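Fold and contact review
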Amino acid sequence: MEEEFAKEKIQEWYSLYSDDIYRFILMMIGDDAEAKDLTHDTFLRAHKGIASFEGKASEKNWLYKIARNTTIDFQRKRRPIQYVVELFTTYPSADRCPEQLVTLGEAEEILYRSLKKLKRSYQEVIILRKIKELTIEETAEILDWNESKVKNTLFRGLAALKQQMEEEGYNHETA
């Protein structure tokens, strides 16, 4: 009976949150096929760990946390050297997800390319707070940070993003 309940709960959460989880992962790694696989892996992990879900976090935040950890694990396992390099590299090349880049305007393309060049902590807090529009409390819960760290990291991350976008050729006065 418990297994049936867990299965139903995961299916419900999948229908409610899979698109948000997928987009979160896609923004972290920039690869459509891998993001779909990692979204699936996130819900498999959630199913395996549902007994540990205590309801302290919202179910959506719990899933974001699993998605974040699943993505980080994937990046580490893929190739340790590539993982380290990707911490400091650019947005994936256009041949990896052309349909997404074609639909983006120039400013958005610069935003995503610049975002991928930032430290992972900056990327995560900017994606969660400014793109996914989660609250400071929700973001702190997902990242296992206190609210002060979320605010400070967001402030520094946005400053770094602005600088990176300017280096990429973005001029906010003409955009």
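Read on for a plain summary of the structure.

**Notes on the overall build of the chain**
Secondary structure summary: the chain contains 9 helices and 0 strands in total. Each helix (α) and strand (β) of the chain, taken in turn from the N terminus, gives the series α-α-α-α-α-α-α-α-α. A burial count over the chain gives 41% of its 175 residues as buried. Taking contacts inside the chain between residues at least 6 apart in sequence as the whole, the part at least 24 apart equals 66%. Carbon and sulfur atoms make up 51% of the accessible area of the chain, which totals about 10200 Å².

**Remarks on the nonpolar core**
Judged by nonpolar contacts, the single largest core of 40 residues is most densely connected at W13, I21, F24, I25 and L63. When residues of this core are traced back to their parent elements, those giving at least two are α1 (2-29), α2 (32-49), α3 (59-78), α6 (106-116), α7 (120-131), α8 (136-143) and α9 (147-167). In terms of residue count, the dominant contributor to this core is α1 (12 residues). Here L63 is in contact with W13, Y17, I21, T42, F43 and A46, once residues within four sequence places are set aside.

**Regarding the side chain of E168**
Mapped onto the elements, E168 comes out in the segment after α9. For E168, the side chain forms a polar contact with the side chain of R113, separated by 2.7 Å. Not counting residues within four places of it along the chain, the set of residues in contact with E168 comprises I110, R113, S114 and K117.

**What about the packing of α3 against α7?**
One can describe the packing of α3 onto α7 by two numbers: an axis separation of 13 Å at closest approach and a directional angle of 150 degrees. Classified by the angle between their axes, α3 and α7 sit roughly antiparallel to one another. Here α3 runs over α7; the crossing is right-handed. Across the interface between the two elements, Y64, R68, I72, Q75 and R76 from α3 touch R120, E124 and L128 from α7. Classifying every residue of the contact of α3 with α7 gives 3 nonpolar, 1 polar and 4 charged.

**Side note on the packing of α1 against α7**
The packing of two helices is summarised by the inter-axis angle and the distance between the axes. Between α1 and α7, whose axes approach to 10 Å, the crossing angle comes to 145 degrees. Handedness of the α1/α7 crossing: right-handed. Only R120, Q123, E124, I127, L128 and I131 of α7 make contact with α1, whose side of the interface consists of F24, M27 and M28. Class assignment of the residues belonging to the contact of α1 with α7 gives a composition of 6 nonpolar, 1 polar and 2 charged.

Conventions and cut-offs
- Residues numbered from 1 in each chain as written.
- Predicted model: local features only at pLDDT ≥ 70, side-chain atom pairs only at ≥ 80, totals over all residues.
- Heavy atoms only, no water.
- Helix = DSSP H or I, 4+ residues; strand = E, 2+ residues; numbered from the N terminus.
- Buried < 20%, exposed > 50% of the residue type's maximum accessible area, 1.4 Å probe, protein only.
- Contact = heavy atoms within 4.5 Å.
- Areas by Shrake-Rupley, 256 points an atom, 1.4 Å probe, with all protein chains shown as cover.
- Core = buried A, V, L, I, M, F, W, Y, C linked by side-chain atoms within 4.5 Å.
- Polar contact = N/O pair within 3.5 Å; in protein donor to acceptor, adjacent residues only side chain to side chain.
- Axes fitted to C-alpha atoms, helices over the stretch in contact; angles between N-to-C directions.
- Parallel < 35°, antiparallel > 145°, perpendicular 65-115°, else oblique.
- Left-handed = near helix turned anticlockwise from the far one by under 90°.
- Nonpolar A, V, L, I, M, F, W, Y, C, P; charged D, E, K, R; others polar.

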